[in-house]
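Structural overview
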Amino acid sequence: MSQSNVEVEEFAFQAEINQLMSLIVNTFYSNKEIFLRELISNASDALDKIRYLSLTDKTVLDSNSDLKIDIIPDVANKKLVIRDTGIGMTKTDLINNLGTIARSGTKNFMQAIKEGVEDISMIGQFGVGFYSAYLVADKVTVITKSNDDEQYIWESEAGGHFTVQRDVNGQPLGRGTQIILYMKEEQTDYLKERTIKDLVKKHSQFIQYPISLEITKEEEVDDDTTEKKSDTSDAPKVEEVDEDEEKKKTDKKKKKVEKKEWEQLNKTKPLWLRNPKEITKDEYGAFYKSLTNDWEDHLAVKHFSVEGQLEFRAVLFVPKRAPFDMFESRKKPNNIKLYVRRVFIMDNCEDLIPEWLSFLKGIVDSEDLPLNISRETLQQNKILKVINKNIVKKAIELFQEISENKEDFNKFYEAFSKNIKYGIHDDSTNRDKLAEFLRFNSTKSATEMTSLKDYITRMKEGQEFIYFVCGETKKAVEESPFLESLKKKGLEVLLMSDPMDEYAMQQLKEFEGKKFKNITKEGLDLATDEEEKKKQEELTKANEQLCTVIKDTLGEKVEKVATSQRLSSSPCVIVTGEFGWTANMERIMKAQALRNSGMGSYMTSKKTLEINPTHPIVTELRKKVEKDKSDKTVKDLVWLLYETALLTSGFNLDEPNTFASRIHRMIKLGLAIDETETEADKPEDDIPALEEEGGDANEMEKVD
């Protein structure tokens, strides 16, 4: 029977599918390449189904035991053929699956497109991936053969209807489906071998069935028309035969002929499906480089699978270097590629791992997530939350393994310490575990960083707190006046100079039962016995009048003035309240270009000026106040002490020019330069000039 005599049945597309087809055909999308991913994914599903049936009935593979996907580009006829040896479709399947019964996702996808929630690349995740073929093709023909029916042809030009007829003259498929795309004039680029190879590598390289591409190669062969030159003379000749001469005499011509070959495109087998014990370091390295395009090897790898109610496999890599854009707001949320049953779904799923782990690279392959899952549904999917929890758990295990090698951990911490601290700030569940990875310089380990566990082993008997100080630079915190008394008492202090330390320590309140104490905040009690406490009380009482005068002079600049326990060689420092910003945090927040300026009004701490009652400057100042508390020199000295204390305590000066003018006046006094009237025309400020009479000058020199 000829094909022309076969009955052709015509069907109308279901209304929603017709709308979808119209949308795909008439709307411009730049991301048309996804059609190949969807068709290969469908082919893989068909192969999965026949393989599943073969587990209980091996005879289903009798029609074709070779499970594979073939891609055949036909540049001359502008056709692209995708063929699989999967389960195939019956006539009923063809009619139902490709036109008359709307998938549940069709309406949702249409709605999402209209609302701008999704883009066309998500079409397969709504179960209607087949129709993406019309992004690049004017007409699509589907030839299919199921074990349960004869071979049929489905055909449509997306005009609202499709036809189905029995295939009597076509090449028997045995079993499976062959899709023929008649490419649009402007989409013939997808017939190029290089384009197809790139698309398969990008989207489908880990499909478990072989994907082969028919390629055309040119070969040079001998031209059959070539004749050996012969001598026309009949006279017999006897001569020596020289092989080289004989070759020259033979006039060999070559011609180029085209040869068809099959090339497998997905040779990289899914490494995560193999047993980790059987995989070498070099294999992990090669896989990491192919996955990330990094030129360096990875620092560490974690290969694991989770089984039970939820099944997924994952390979996580820690790179040797931090990416330059690690904390850029516009970069991809992570570098983990999400696969569902070896089919690539996306590489920017925000809920797959937390932001502080965004430096991890690798893949997650889930057996439980549906292929037709939308991005919106994905974010609310409970399975994803479980995957997230497991990845975080395994990542922490990986960091623990890295910490066992000191050299590797030093590299890791140098590159990713900010992420660990971000995790402490962000992840309350794993805060204590992450704190174990923290490393800091301290007053007893200036050259080598110490862990919190090591710090606790060195704590003095009866020590309640883990002391720390934050500052702008390592040098600044090493020479901080806040350290003086603690050093004298032999108490170790952690030195923190990374801005992320401030954020982390706001959340990290204790470690292994020991509370943290910021030594730049008020409430530091270093008195260890009754005698020391009694002495402190006496000094406080003796300096009450001086504290009152200083407070009156500074006014609202400080909340209070008190005697200090934390100083031994500096005259004074400024400490902040227990619950507000530290000086360092205030500096960090002021540096934020897009900060909320209103936040500073309630987060800026009240300042307390603490004076060292045993320091010579303070002692002399007290005597001066006791002699005459209205002494004008005292006011200038108090302001100088306050502003120098601001600088040494890590604050910025609000009025640096005023501070500079005070210093200049002190320099003039030290050099015995008389104040002239040249500054009389300048506006007077509320800071009185230093007294220039002999008596007061002599007193100032004594203090100086």
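The model shown is predicted, which means the values in this text are computed figures rather than measured ones. For every chain, the first residue of the written sequence is number 1, and numbering continues from 1 onward in sequence order. Local features are withheld for residues below a pLDDT of 70 in this predicted model, meaning they are given only at 70 or higher, and side-chain atom pairs are given and counted only at 80 or more; totals for whole chains, interfaces and linings count all residues. Water and hydrogen atoms play no part in the side-chain values, which are based on all heavy atoms of the structure.

Right, let's get into the sheet that holds strand 15 (residues 439-442). An order of 16-15-18-17-20-19 is seen for the 6 strands of this open sheet, with the pairing classed as mixed. Edge strands, defined here as strands with exactly one partner in the open sheet, are strand 16 (445-451) and strand 19 (510-511). Where strand 17 (residues 465-470) lies against strand 20 (residues 514-518), 4 bridges are found, and the strand directions are parallel. Counterpart to F465 in the pairing with strand 20 is K515. Should DSSP find at least two bridges between two strands, the strands are taken to pair. Secondary structure elements follow DSSP: runs of H or I of four or more residues count as helices, runs of E of two or more count as strands, with numbering from the N terminus.

Quick look at the packing of helix 20 (residues 616-627) against helix 21 (residues 632-648) now. Helix-helix packing is characterised by the crossing angle of the two axes and by the distance between the axes. Closest axis-to-axis distance for the helix 20/helix 21 pair is 11 Å, and the angle between their directions is 150°. As far as their axial angle goes, helix 21 and helix 20 are roughly antiparallel. In terms of crossing hand, the pair formed by helix 20 and helix 21 is left-handed. Residues I617, L621, K624 and V625 of helix 20 pack against T633, V634, L637, V638 and L641 of helix 21. Partitioned by chemical class, the residues of the contact of helix 20 with helix 21 number 7 nonpolar, 1 polar and 1 charged. Geometry is summarised by axes, namely lines fitted to C-alpha atoms with helices restricted to the contacting stretch, and by angles between N-to-C directions that run from 0 to 180 degrees. Convention used here: angles under 35 degrees read as roughly parallel, angles over 145 as roughly antiparallel, angles from 65 to 115 as roughly perpendicular, and any remaining angle as oblique. For a crossing to be left-handed, the near helix must be turned anticlockwise from the far one by less than a right angle; the clockwise case is right-handed. Throughout, a residue-residue contact means that at least one pair of heavy atoms, one from each residue, lies within 4.5 Å. Each residue is assigned to one of three groups, with Ala, Val, Leu, Ile, Met, Phe, Trp, Tyr, Cys and Pro labelled nonpolar, Asp, Glu, Lys and Arg labelled charged, and all others, Gly among them, labelled polar.

Here we come to the nonpolar core. Nonpolar cores were defined as sets of buried Ala, Val, Leu, Ile, Met, Phe, Trp, Tyr and Cys residues, with membership established by side-chain atoms within 4.5 Å. Only protein chains enter the calculation, and the probe is 1.4 Å; a residue is then buried if its accessible area is under 20% of its type maximum, exposed if over 50%, and partly exposed in between. Core analysis: the largest hydrophobic core is formed by 76 residues, its most contacted members being V318, F399 and F412. At 9 residues, helix 9 (residues 382-403) tops the list of elements feeding residues into this core. Listed in part, the 52 residues of the second largest apolar core include L67, I69, F162 and V164.

What follows is about the packing of helix 15 (residues 499-507) against helix 18 (residues 583-590). At a minimum axis separation of 10 Å, helix 15 and helix 18 run at an interaxial angle of 115°. The crossing of helix 15 and helix 18 is left-handed. Between helix 15 and helix 18, the contacting residues are P499, E502, Y503 and Q506 on the first element and N584, M585, I588 and M589 on the second. For the contact of helix 15 with helix 18, the residue count by class is 5 nonpolar, 2 polar and 1 charged.

Take the pairing of strand 8 (residues 211-222) next. Note that strand 2 (residues 69-74) and strand 8 share 3 bridges and pair parallel. Along strand 8, the bridge assignment pairs D70 with S212. Note: strand 8 against strand 9 (residues 254-264), 11 bridges, orientation antiparallel. Bridge assignment links D222 to a residue of strand 9, and that residue is K254.

Attention now moves to the sheet that holds strand 23 (residues 607-611). Taking strand neighbours across the sheet as the criterion, the 3 strands line up as 21-23-22 in an open arrangement whose pairing is mixed. Of all strands in the sheet, those with a lone pairing partner are strand 21 (560-563) and strand 22 (572-576), marking the two edges. Strand-to-strand twist of the sheet, defined as the mean angle between neighbouring strand axes without regard to direction, takes the value 30°. Where strand 22 lies against strand 23, 5 bridges are found, and the strand directions are antiparallel. Pairing of I574 across the sheet is with L609, part of strand 23.

The next point concerns empty space enclosed by the protein. The definitions used throughout rest on a 1 Å grid laid over the protein atoms alone, on which a cavity is an enclosed set of points accommodating a 1.4 Å probe that cannot get out and a pocket is an open set flanked by protein within 12 Å on both sides along at least five of seven lines; lining residues are those having an atom within 4 Å of a point. Grid points are joined across faces, edges and corners, and a volume is the space filled by probe spheres set on the points. Under the criterion given, the structure shown has 1 cavity of 30 Å³ or more. Quantified by volume, the largest cavity comes out at close to 30 Å³. If you trace the largest cavity, you find it lined by A583, E586, R587, K590, G650, F651 and N652. The residue inventory of the lining of the largest cavity, partitioned by class, reads 2 nonpolar, 2 polar and 3 charged.

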